[in-house]
Amino acid sequence: MICLDNPRDSAERAVSALLKVPAPADDLGRLFAGAGHSLYLVGGSVRDALLGRLSVDATSAGVGASDLDFATDARPERVLEITRGWADATWEAGIAFGTVGLIRAGVRFEVTTYRTEAYDRTSRNPTVAYGDTLEGDLVRRDFTVNAMAVSVPGHEFVDLFGGMADLARKVLRTPGSPEASLDDDPLRILRAARFEAQLGLIPVGELVAAMRSRTPRLTIVSVERIRDELRKLMICADPVVGLERLVDIGVADIVLPDLPALRMEIDEHHQHKDVYTHTLTVLRQAIALEDPLPDGGPDEVLRWAALLHDIGKPRTRRHAPGGGVSFHHHEVVGRDMTRKRLAELRFPKDVADAVTLLVFLHLRFHGYGRGEWTDAAVRRYVHDAGPQLSRLHKLVRSDCTTRNRRKAEALTATYDTLEERIARLSEREEIAAIRPELSGDDIMELLGLSPGRLVGQARAHMLDFRFEAGLVGREAAETELLRWARENDVPLPGDLPDQAT
């Protein structure tokens with residue numbers, strides 16, 4: 001052990017300088033020490049502290065703040081007793097697995113009793129048994145870089161498995177045998193890919209072999225846990241690295257089969273762009289263009305749209321005479337496949353809907369370059385994209401991966417002109433929120449209708465009219481509605497019924 005407060009040599013001083021224990025951790029540690037229990041800052045909290053990534057905002061839960069993870073010899077019920085009156089709030093969602101959540105002054109703490117856990121061959125959930133020692137707890141953790149600990153408030157650094165050296169060498173290893181570790185929790189296969197993408201830690205050969213051989217075990221892991229890991233991977237600094245790993249070892253065939261399906265065979269007679277490589281390039285280009293979200297985080301929706309935008313191509317590929325290849329309507333097929341895949345992964349509806357819409361619309365711009373769009377077409381483009389317009393701009397620009405510089409410059413210039421037209425129209429009218437100038441209530445009053453199919457048809461026509469004509473004013477809109485009604489044999493108030501002769 002190394003005492004961070006009293007380092008004995010230059011190596012220990014280096015560790016002490018890197019590993020700064022947050023004050024809130026010491027506050028909680030003193031509480032446990034006073035109750036006769038040990039408490040250690042562990043796992044990702046220690047790893048991130050060594051990397052300078054641990055940020056604790058003691059005044060709010062704020063953006064970028066990290067949760068603090070602890071291990072203790074106290075049982076969960078005892079943890080609740082010790083922290084009663086100290087914590088501003090507690091949550092017990094994880095108490096069945098030995099974890100108690102706390103929050104104090106905006107800082108989140110997770111305190112877990114020393115434990116061992118493993119999956120059996122059929123269960124989707126770990127079986128939990130409490131342990132008695134810190135060493136026993138650390139050896140069951142996923143990777144050596146997450147098996148380091150610091151006592152609080154004593155500040156003794158514990159690194160039994162060489163995690164700090166692995167962090168410095170940028171390698172990923174397990175504390176015990178990789179086969180046993182992945183059998184304990186197969187989700188660690190996905191976590192390894194995420195740490196490669198997030199932290200640049202390269203799995204050692206033995207771990208990669210175990211990941212490949214244990215891939216079938218992922219079928220016992222719940223969809224929700226797989227989804228959460230995939231979402232975490234997608235917001236990493238370079239998700240492409242992790243995705244490539246999942247494809248290479250066969251994991252993507254189970255958790256995201258649409259991605260490896262993009263590696264379509266290309267023969268000498270039917271040439272087309274490598275869709276898999278193209279997709280990963282589009283993803284990286286989209287990341288380069290993305291704007292941080294209001295919370296400061298990456299744009300997950302744009303990234304998923306970039307990854308899935310061409311998944312309809314394998315199903316729509318057709319070989320044409322003379323060696324050509326077409327993918328007609330792959331955006332429609334891709335839309336349906338995206339909706340189905342994200343539903344199976346149980347994505348939040350708002351995220352799934354946004355990604356699906358972007359996949360469907362990503363090709364529409366290409367009609368712009370074949371002939372000048374009318375203002376109506378531009379209005380419809382903006383209307384259909386809705387709040388996803390900014391993301392659609394980025395996705396379309398990212399979708400250009402040609403090495404032909406002249407072609408790339410032409411596509412960029414063409415899209416520039418479209419954005420300029422959108423801006424000019426926006427100055428004259430609120431095209432981002434286009435709606436008919438007559439509401440449903442207006443339509444029912446003017447035509448004497450009750451709610452029903454005809455009202456919907458009339459509103460759809462008035463929306464089309466709005467696209468075509470722009471803002472025309474209420475009188476002109478009413479005139480158009482009455483014209484449509486007469487053309488479609490909709491009786492108008494005051495019209496006399498035909499009299500039999």
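Residues numbered from 1 in each chain as written. Predicted model: local features only at pLDDT ≥ 70, side-chain atom pairs only at ≥ 80, totals over all residues. Heavy atoms only, no water.

**As for the overall build of the protein chain**
Then step 1. Each helix and strand in the protein chain was counted, giving 23 helices and 14 strands.
Then step 2. Per-residue burial over the protein chain gives 48% buried out of 501 residues.
Then step 3. For the protein chain, the exposed area adds up to about 23,900 Å²; of that, 51% sits on carbon and sulfur atoms. (Helix = DSSP H or I, 4+ residues; strand = E, 2+ residues; numbered from the N terminus. Buried < 20%, exposed > 50% of the residue type's maximum accessible area, 1.4 Å probe, protein only. Areas by Shrake-Rupley, 256 points an atom, 1.4 Å probe, with all protein chains shown as cover.)

**Re the packing of aromatic side chains**
Then step 1. Inspection of every chain in the model, using the stated rule, returns 5 aromatic pairs.
Then step 2. Look at Trp86 and Phe109: their rings are 5.4 Å apart centre to centre, the planes differ by 65°, and that puts the pair in the edge-to-face class. Here Phe109 lies in strand S6 (residues 107-113) and Trp86 lies in the loop between helix H4 (76-83) and strand S4 (89-91), a separation of 23 residues in the sequence.
Then step 3. Take Trp86: its relative accessible area is 12%, and that puts it in the buried class.
Then step 4. With a relative accessible area of 1%, Phe109 lands in the buried category. (Phe/Tyr/Trp six-rings, centres within 6.5 Å; stacked < 30°, edge-to-face > 60°.)

**Here's the deal with the side chain of Thr99**
Then step 1. Along the chain, Thr99 falls in strand S5 (residues 99-104).
Then step 2. By relative accessible area, Thr99 is classed as buried at 13%.
Then step 3. Looking at Thr99, its side chain comes within polar contact range of the side chain of Thr112, at 2.8 Å.
Then step 4. Those residues within four positions of Thr99 in sequence are excluded, and the remaining contacts are Gly94, Glu110, Val111, Thr112 and Arg115. (Polar contact = N/O pair within 3.5 Å; in protein donor to acceptor, adjacent residues only side chain to side chain. Contact = heavy atoms within 4.5 Å.)

**Examining helix H8 (residues 188-199)**
Helical geometry: 3.6 residues make up each α-helical turn, so side chains three or four residues apart lie on a common side.
Then step 1. Taking 1.5 Å of rise per residue, 12 residues should cover 16 Å, and H8 covers 15 Å from first to last C-alpha, within 8% of that figure.
Then step 2. Counting buried positions along H8 gives 10 out of 12 residues, so the element sits mostly inside the fold.
Then step 3. Within H8 the residues assigned to the buried category are Arg188, Ile189, Leu190, Ala192, Ala193, Arg194, Phe195, Glu196, Ala197 and Leu199.
Then step 4. Looking one or two residues beyond H8, the residue adopting positive phi is Gly200, at roughly 70°. (Expected span 1.5 Å × (residues − 1).)

**Brief notes about the confidence of the model for the protein chain**
Then step 1. Averaged over all residues, the pLDDT of the protein chain equals 86, while 88% of them reach at least 70.
Then step 2. Within the model, pLDDT remains below 50 along residues 58-64, and this stretch shows 10 contacts once partners closer than five positions in the same chain are excluded.
Then step 3. Taken together, the stretch residues 267-272 has pLDDT below 50 and engages in 16 contacts with residues farther than four places along the chain or on a different chain. (pLDDT = per-residue confidence, 0-100.)

**Considerations on the pattern of salt bridges**
Then step 1. A full pass over the atoms with the stated rule returns 41 salt bridges.
Then step 2. Arg227 is paired through a salt bridge with Asp228; the nearest N and O atoms lie 3.0 Å apart.
Then step 3. Since its relative accessible area comes to 34%, Asp228 is described here as partly exposed.
Then step 4. Salt-bridge contacts for Arg364 lead to Asp384; the nearest nitrogen and oxygen are separated by 2.6 Å. Within this pair, whereas Arg364 is found in the loop between helix H17 (349-361) and helix H18 (375-385), its partner Asp384 is found in helix H18, the two being separated by 20 residues in sequence.
Then step 5. Within the structure, one salt-bridge network assembled from shared partners comprises Asp142, Arg191, Arg194 and Glu229. (Salt bridge = Lys/Arg side-chain N within 4 Å of Asp/Glu carboxyl O.)

**Concerning the sheet that holds S5**
Then step 1. Spatial ordering of the open sheet is given by S1-S10-S9-S2-S3-S6-S5-S4, a layout of 8 strands whose pairing is mixed. The open sheet is flanked by strand S1 (2-3) and S4, the only strands paired with a single partner.
Then step 2. The pairing of S1 with strand S10 (residues 156-159) spans 2 bridges and is classified as antiparallel. Note that in S10 the partner of Ile2 across the bridge is Phe157. (Pairing = 2+ DSSP bridges.)

**Looking at the environment of Gly36**
Then step 1. Tracing the backbone shows Gly36 in the loop between helix H2 (23-34) and strand S2 (39-42).
Then step 2. Considered as a pair, Gly36 and Ala74 are 38 residues apart in the sequence and their alpha carbons are 9.1 Å apart.

**Topic: unusual backbone geometry**
Then step 1. Look at the link from Val152 to Pro153: it is a cis peptide, with omega at 5°.
Then step 2. Relative to the elements of secondary structure, Pro153 occurs in the loop between strand S9 (148-151) and S10.
Then step 3. Positive phi, close to 50°, is recorded for Ala105, a residue that is not glycine.
Then step 4. Topologically, Ala105 is positioned in the loop between S5 and S6.
Then step 5. Backbone geometry at His155 places phi at a positive 65°, although glycine is not the residue there.
Then step 6. Structurally, His155 is set in the loop between S9 and S10.
Then step 7. Classification of His155 as buried rests on a relative accessible area of 11%.

**Notes on the pairing of S6**
Then step 1. Within S6, 5 of the 7 residues are buried, which leaves it mostly tucked inside the rest of the structure.
Then step 2. Pairing geometry for strand S3 (residues 68-72) and S6, over 5 bridges, is parallel. Pairing of Phe70 across the sheet is with Val111, part of S6.
Then step 3. Bridging between S5 and S6 involves 6 bridges; their strand directions are antiparallel.

**Notes on the side chain of Glu300**
Then step 1. Along the chain, Glu300 falls in helix H14 (residues 300-308).
Then step 2. A polar contact of 2.6 Å, which involves the side chain of Glu300, links it to the side chain of Arg231.

**A closer look at the nonpolar core**
Then step 1. Of all hydrophobic cores here, the largest spans 112 residues; its most connected members are Phe70, Phe157, Leu307 and Tyr381.
Then step 2. Judged by nonpolar contacts, the second largest core, of 15 residues, contains Leu438, Ile443, Met444 and Trp484. (Core = buried A, V, L, I, M, F, W, Y, C linked by side-chain atoms within 4.5 Å.)

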